[in-house]
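What follows is the residue order along each chain.
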Amino acid sequence: MAIKNIFKKKQWKADYEAGRDAFNAGQFKAAETHLRAALGKAIELDDSSYGDTALLLGQVMRRLERYDESLELTEKSFNYFNGFFGSADQRTISAHLSLVLADAGKAHADPGLRQETYSKAVE
């Protein structure tokens, strides 16, 4: 990883963790601010940062009752994880579960992914 990317990763992590902590404390507006900053940094990283951030920001939007934004971010997270890691990856399955809970009509056609999502929901 290049020095530039290490610096960006640290910046992303600081914003992401501040957003996660604010979310856990019920401070959803503060969480949104931190996570939007993190999302901007995550775009350039070649790991799960973008998907992780979009998924959590989608949860924040749901708590703020901004459902269209929540669904859009959750779908972006799922598409990112599915494209980057494949349908059998646990991050993809978790994002798919969040997506299906937000809008059942968005369920992916892959029967294996549907079964894994159902299993995760039962857990």
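The preceding data block contains the structure.
One numbering rule holds for all chains: residues counted from 1, following each sequence as written. Where local features are concerned, this predicted model is filtered to residues with pLDDT of at least 70; where side-chain atom pairs are given and counted, the filter is 80 or more; whole-chain, interface and lining totals use all residues. Only heavy atoms go into the side-chain values, all of them from the structure, while hydrogens and water stay out.

Asks: How do you make sense of the pattern of salt bridges when you look at a structure like this?
Replies: When the charged atoms of two side chains lie near each other, side chains of opposite charge can form a pair. Just to be clear on terms, a salt bridge is a Lys or Arg side-chain nitrogen sitting within 4 Å of an Asp or Glu carboxyl oxygen. Scanning the model with the defined rule gives 13 salt bridges in all. Lys9 serves as the salt-bridge partner of Asp47, at 2.5 Å between the closest nitrogen and oxygen. Residue Asp47 is located in the loop between α2 (28-42) and α3 (49-63), and its partner Lys9 is located in helix α1 (residues 3-24); the two are separated by 38 residues in the primary sequence. The buried category is assigned to Asp47, whose relative accessible area is 18%. Helix and strand definitions here come from DSSP, where helices need a minimum of 4 consecutive H or I residues and strands a minimum of 2 consecutive E residues; each element is numbered from the N-terminal end. Throughout, exposure labels follow a simple rule: accessible area from a 1.4 Å probe, protein chains only, divided by the maximum for the residue type, with under 20% read as buried, over 50% as exposed, and the rest as partly exposed.

Asks: I tried to follow the packing of helix α4 (residues 67-85) against helix α5 (residues 90-102) on my own but got confused; where do I start?
Replies: Describing two packed helices takes the angle between their axes plus the distance from one axis to the other. To define axes, lines are fitted to C-alpha atoms, for helices over the stretch in contact only, and angles between the resulting N-to-C directions are given on a 0 to 180 degree scale. In contact at an axis separation of 8 Å, α4 and α5 are set at 150 degrees when each is read in the N-to-C sense. Considering the angle they form, α4 stands roughly antiparallel to α5. Crossing handedness for the pair α4 and α5: left-handed. On the side of α4, the interface is formed by Leu71, Thr74, Glu75, Ser77, Phe78, Phe81, Asn82 and Phe85, while α5 contributes Arg91, Thr92, Ala95, His96, Ser98, Leu99 and Ala102. Under the scheme applied, nonpolar residues are Ala, Val, Leu, Ile, Met, Phe, Trp, Tyr, Cys and Pro; charged residues are Asp, Glu, Lys and Arg; polar residues are all the others, including Gly. Partitioned by chemical class, the residues of the contact of α4 with α5 number seven nonpolar, six polar and two charged. These descriptions rest on fixed angle ranges, namely under 35 degrees for roughly parallel, over 145 for roughly antiparallel, 65 to 115 for roughly perpendicular, and the rest for oblique. A crossing counts as left-handed when the near helix is turned anticlockwise from the far one by less than a right angle, and as right-handed when that turn is clockwise. Here, two residues are considered to be in contact whenever any of their heavy atoms come within 4.5 Å of each other.

Asks: Can you walk me through unusual backbone geometry in this structure?
Replies: Most of the time, phi is negative for any residue but glycine, and the peptide bond is trans. The phi dihedral of Glu65 falls on the positive side, at around 60 degrees, and the residue is not glycine. By the secondary structure assignment, Glu65 is in the loop between α3 and α4. For Glu65, a relative accessible area of 58% translates into the label exposed.

Asks: How do you make sense of the packing of aromatic side chains when you look at a structure like this?
Replies: Stacked, tilted and edge-to-face are the three classes applied to pairs of Phe, Tyr and Trp rings, where Trp contributes its six-membered ring and a pair requires centres within 6.5 Å; stacked means planes under 30 degrees apart, edge-to-face means over 60, and tilted covers the rest. The tally for this structure, following the rule as stated, stands at seven aromatic pairs. Relative to Phe85, the ring of Phe81 has its centre 6.0 Å away and its plane inclined at 40 degrees; by these criteria the two rings are tilted. Taken together, the positions of Phe81 and Phe85, both in helix α4 and four residues apart, correspond to about one turn of that helix. Residue Phe81 is classed as buried on the basis of its relative accessible area of 1%. By relative accessible area, which is 28% here, Phe85 ends up partly exposed. Three or more aromatic residues link up through ring pairs in this structure, and these residues are Tyr50, Tyr80, Phe81, Phe84 and Phe85. Lysine and arginine charges are scored as sitting over a ring when NZ or CZ, respectively, is within 6 Å of the ring centre and within 35 degrees of the ring normal. Directly above the ring of Phe85 sits Arg91, whose terminal nitrogen or CZ lies 3.7 Å from the centroid.

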